[in-house]
Amino acid sequence: MQQLNARAQSIVAELREDLQSGATELARKTLDQVLAYLDHEQPDAGTLRTLLSELRQARPSMIVIGNALARIEQRGSAEPHAAREAILEIRAQLRDATSAMARHARQELPDTPVIMTHSASSAVLALFRSLAKDKKRFSVICTQSSPGFEGHTLARTLDGLSVPVTLITDAQMALFVGQADVVVTGCDTWFTDGWFINKSGTHLLALAARASGTPFWVLADSFRNSDANPANVILEEMSGDELRAPSGRWITPRNVYFELTPRGLVSRRISEQGVSSCPAGPRP
């Protein structure tokens, strides 16, 4: 396997360390960086294959990134001269899939909805932008999404769009979910049995939504599909330093960023193909 130079290594490192961007946004950023790398470095085929391989493995919970890169290689585009065209095409497919999900979701929403969400999904944000652009009246309840606090970024964005937003701690999920007409979250990986991976806290929100009778929708395009066994997936764990835990001999901070949520808690999956219901299934 070819050795990567400093520029290529920085692309991999930035992908691993970005804890704020949603999966689609992070996939787009990565593809843009690979394009710039191709233009600047003009790597040989072996080096490009090594870079694509390391990028696929960098964020195992966010399969949209790995699937996007795999589609490039499946086209036989590990050759640098062909990779540019493939990357541009895949990037356009990601954009079109996000737009289609927003369109399908809009058709399912009630008038002047209150929408609750968790974490910072670029797909969910695309829905909000679409509603705001057309002057649709709606409001959002969003969690802080600790410890990364992506919800703060989302709240600032919604404020800039003149959308009323209520920002709450993650611990207040159950308290506020009954005030929402629908919960809408993103998805980092969708398994064939209907279970999915998203930011930790999503499972708790889904349970709270079920208890309150609030519909729970997941925006998950085909880039997020995985045929892996959910029981064997790697759930990324980040540094415990983010928790600012007190030091102590018997204290072990854990910071697992992603978790599985069962399909039995999901009312609808919305992909670029349309809307589908999610019947309950066994635990993996």
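Reading guide: rules and limits
Residues numbered from 1 in each chain as written. Predicted model: local features only at pLDDT ≥ 70, side-chain atom pairs only at ≥ 80, totals over all residues. Heavy atoms only, no water. Pairing = 2+ DSSP bridges. Helix = DSSP H or I, 4+ residues; strand = E, 2+ residues; numbered from the N terminus. Contact = heavy atoms within 4.5 Å. Axes fitted to C-alpha atoms, helices over the stretch in contact; angles between N-to-C directions. 1 Å grid on protein atoms, 1.4 Å probe; cavity = no way out; pocket = protein on both sides within 12 Å on 5 of 7 lines; lining within 4 Å. Points joined across faces, edges and corners; volume = space filled by probe spheres on them. Nonpolar A, V, L, I, M, F, W, Y, C, P; charged D, E, K, R; others polar. Buried < 20%, exposed > 50% of the residue type's maximum accessible area, 1.4 Å probe, protein only. Right-handed = clockwise from strand over helix to strand, strands pointing away. Parallel < 35°, antiparallel > 145°, perpendicular 65-115°, else oblique. Left-handed = near helix turned anticlockwise from the far one by under 90°.

A. Fine view of the sheet that holds strand β6 (residues 196–199). Read from one edge to the other, the open sheet built from four strands follows the order β8-β5-β6-β9, with strand pairing classed as mixed. Whereas interior strands pair on both sides, the edge strands pair on one side only; in this sheet they are β8 (225–226) and β9 (258–261). Across the sheet, helix α9 (residues 202–212) lies against β6 and β9, angled at about 35 degrees from β9, the strand it touches most.

B. Geometry of the layout of surface pockets. One number sums up the size of the largest pocket: a volume of about 340 Å³. Together, 19 residues line the largest pocket, and Glu 25, Ser 121, Ser 122, Leu 125 and Arg 129 are the ones closest to its centre. Secondary structure elements with two or more residues in the lining of the largest pocket: α2 (23–41), α5 (80–108), α6 (122–133) and α7 (150–160). The element that contributes the greatest number of residues to the lining of the largest pocket is α6, accounting for five residues. Residue classes in the lining of the largest pocket are distributed as five nonpolar, 10 polar and four charged.

C. The arrangement of the pairing of strand β2 (residues 139–143) in detail. Among the five residues in β2, four count as buried, and that is most of the element. One crossover worth recording links strand β1 (residues 114–117) to the parallel β2 by way of α6, and it is right-handed. Here β2 runs beside strand β3 (residues 165–168); their pairing, made up of four bridges, is parallel. Note that in β3 the partner of Ile 141 across the bridge is Thr 166. Remark: the β2/α7/β3 crossover connection has right-handed handedness.

D. View of the pairing of strand β7 (residues 216–219). Going residue by residue along β7, you find Phe 216 and Val 218 tucked away on one face and Trp 217 and Leu 219 tucked away on the opposite face as well. Bridging between strand β4 (residues 182–185) and β7 involves three bridges; their strand directions are parallel. What sits directly across from Val 184, in β7, is Trp 217. Strand direction decides the pairing type here: β7 and strand β10 (residues 268–271), joined by three bridges, are parallel. The residue of β10 that forms the bridge with Leu 219 is Ile 270.

E. Highlighting empty space enclosed by the protein. Throughout the structure, instances matching the rule amount to two cavities of 30 Å³ or more. What lines the largest cavity is a set of 22 residues, among which Ser 21, Gly 22, Met 62, Ser 119 and Asp 188 lie closest to the centre. Volume-wise, the second largest cavity comes out at about 30 Å³. Together, Glu 14, Leu 15, Asp 18, Leu 26, Lys 29, Thr 30 and Gln 33 line the second largest cavity. Of all the secondary structure elements, the ones that give two or more residues to the lining of the second largest cavity are α1 (6–17) and α2. Counting residues per element, the lining of the second largest cavity draws most heavily on α2, which supplies four residues. Of the residues in the lining of the second largest cavity, the class split is two nonpolar, two polar and three charged.

F. Structural context of the packing of α2 against helix α3 (residues 45–58). The interhelical angle for the contact between α2 and α3, taken along N-to-C directions, is 165 degrees, at an axis separation of 12 Å. Relative to α3, α2 is oriented roughly antiparallel. Considering the relative orientation of α2 and α3, their crossing is right-handed. Contacts between α2 and α3 involve Thr 30, Val 34, Tyr 37 and Leu 38 from the first element and Thr 47, Leu 48, Leu 51 and Leu 55 from the second. Grouping the constituent residues of the contact of α2 with α3 by class yields six nonpolar, two polar and no charged.

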